Amino acid sequence: MTRPNYNKNRMQGVSLLEILIATAILGIIISVAIPSMSTFGANQRLVGAAEQIHGHLQQARSEAIARGMPVYVNFTADGTSTWTYGVSTTNACTLTVTDPTAANACILVVNDGDATVDGIDGADADALPDIDTDDRVLMRYPGSDYRDIELALAGFSSANQIVFDPIRGTSSNGNVNLEGSTGNQLRVAISRLGRVAVCSPDGSVDAYGTCAP
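Procedures and definitions
Residues numbered from 1 in each chain as written. Predicted model: local features only at pLDDT ≥ 70, side-chain atom pairs only at ≥ 80, totals over all residues. Heavy atoms only, no water. Pairing = 2+ DSSP bridges. Helix = DSSP H or I, 4+ residues; strand = E, 2+ residues; numbered from the N terminus. Axes fitted to C-alpha atoms, helices over the stretch in contact; angles between N-to-C directions. Core = buried A, V, L, I, M, F, W, Y, C linked by side-chain atoms within 4.5 Å. Buried < 20%, exposed > 50% of the residue type's maximum accessible area, 1.4 Å probe, protein only. Contact = heavy atoms within 4.5 Å. Salt bridge = Lys/Arg side-chain N within 4 Å of Asp/Glu carboxyl O.

Enquirer: Would you take a moment to explain the sheet that holds strand β7 (residues 161–164) for this structure?
Expert: Two orientations exist for strands paired in a sheet by backbone hydrogen bonds: parallel and antiparallel. Taken together, four strands build an open sheet; the order of strands is β5-β2-β1-β7 and the sheet is antiparallel. On the outer flanks of this sheet lie β5 (140–142) and β7, each paired with one strand and no other. In this sheet, adjacent strand axes meet at a mean angle of 10 degrees when their direction is disregarded. Note that strand β2 (residues 84–88) and β5 share three bridges and pair antiparallel. Among the inter-strand pairings, Gly-86 is bridged to a residue of β5, identified as Arg-140.

Enquirer: Looking at this structure, how should I read the sheet that holds strand β10 (residues 196–199)?
Expert: The strand order across the open sheet built from four strands is β6-β8-β9-β10, with neighbouring strands paired in antiparallel fashion. Where the open sheet ends on each side, the last strands, each with one partner, are β6 (150–154) and β10. Within this sheet the neighbouring strands show an average axis-to-axis angle of 20 degrees, counted without direction.

Enquirer: Is there a simple way to think about the nonpolar core in this case?
Expert: Within soluble globular proteins, side chains that are nonpolar generally end up buried alongside one another. Counting residues in hydrophobic clusters, the biggest one holds 31 residues, and the most contacted among them are Ile-53, Leu-57, Val-73, Phe-164, Val-176, Leu-178 and Val-188. The element best represented in this core is helix α2 (residues 16–67), accounting for seven residues. What Val-73 contacts, discounting residues up to four positions off in sequence, is Leu-57, Ala-60, Tyr-85, Gly-86, Val-87, Asn-160, Gln-161, Ile-162 and Phe-164.

Enquirer: Is there a simple way to think about the pattern of salt bridges in this case?
Expert: In a structure, side chains of opposite charge can pair up when their charged atoms sit close to one another. What the rule picks out here adds up to two salt bridges. For Arg-67, the salt bridge identified is with Glu-63, shortest N-O distance 2.7 Å. Of this pair, Arg-67 and Glu-63 both sit in helix α2, four residues apart, which is roughly one turn of that helix. Residue class for Arg-67 comes out partly exposed when judged on its relative accessible area of 25%. A salt bridge links Arg-147 to Asp-148, with the nearest nitrogen and oxygen atoms 3.2 Å apart. Since its relative accessible area comes to 51%, Arg-147 is described here as exposed. Residue classification places Asp-148 among the partly exposed positions, given a relative accessible area of 37%.

Enquirer: Help me understand unusual backbone geometry in this model?
Expert: Both trends apply: most residues other than glycine have a negative phi, and most peptide bonds are in trans. Positive phi, close to 55 degrees, is recorded for Ala-92, a residue that is not glycine. With respect to the helices and strands, the residue Ala-92 is situated in the loop between β2 and β3 (107–109). The phi dihedral of Ala-159 is positive, around 50 degrees, even though this residue is not glycine. Positionally, Ala-159 belongs in the loop between β6 and β7. Take Ala-159: its relative accessible area is 63%, and that puts it in the exposed class.

What follows is the structure in structure tokens.
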């Protein structure tokens, strides 16, 4: 007795109209999903940039207190996505320098565990400051890490940089305004008390509160 081929019958039962309908539905799903994924990616880059700046400002404050010396966070920004900032114990470090051993680079000295600490131990036998370039950590962060995120500064009380005081952790003040490709906005606000907070000026990013006026 010959068994019926149900699989063959089912395949023969799929009409051209059904295939066209399925293709149309798939096209609609893709057309909705692609912009949604693009928006999600843009918002993630915006949040990532804001949180990174927030974290480095917090670190700069802690470093100033721990080291007993001012720590500077220097920005170059023109309202476009071509921005850079750096953290350093050097006033107005040069943000174009990418070599931590070069003069005026944006660096923090971190002991690598050997017998000397760059520029800290004082004069050695030749009466010159210790030079241990392995201790120099480059603290330079370009906006290219966060594609299409624009940065602008507002209300800075000390040129284009924030200065953290080593005594009480107070600082100069200002706002770092960030905008994504979708128009969503975040702000990293620094108060004179040295407090650093992230907020959304227009309430466009739900995870953050609206900035105070």
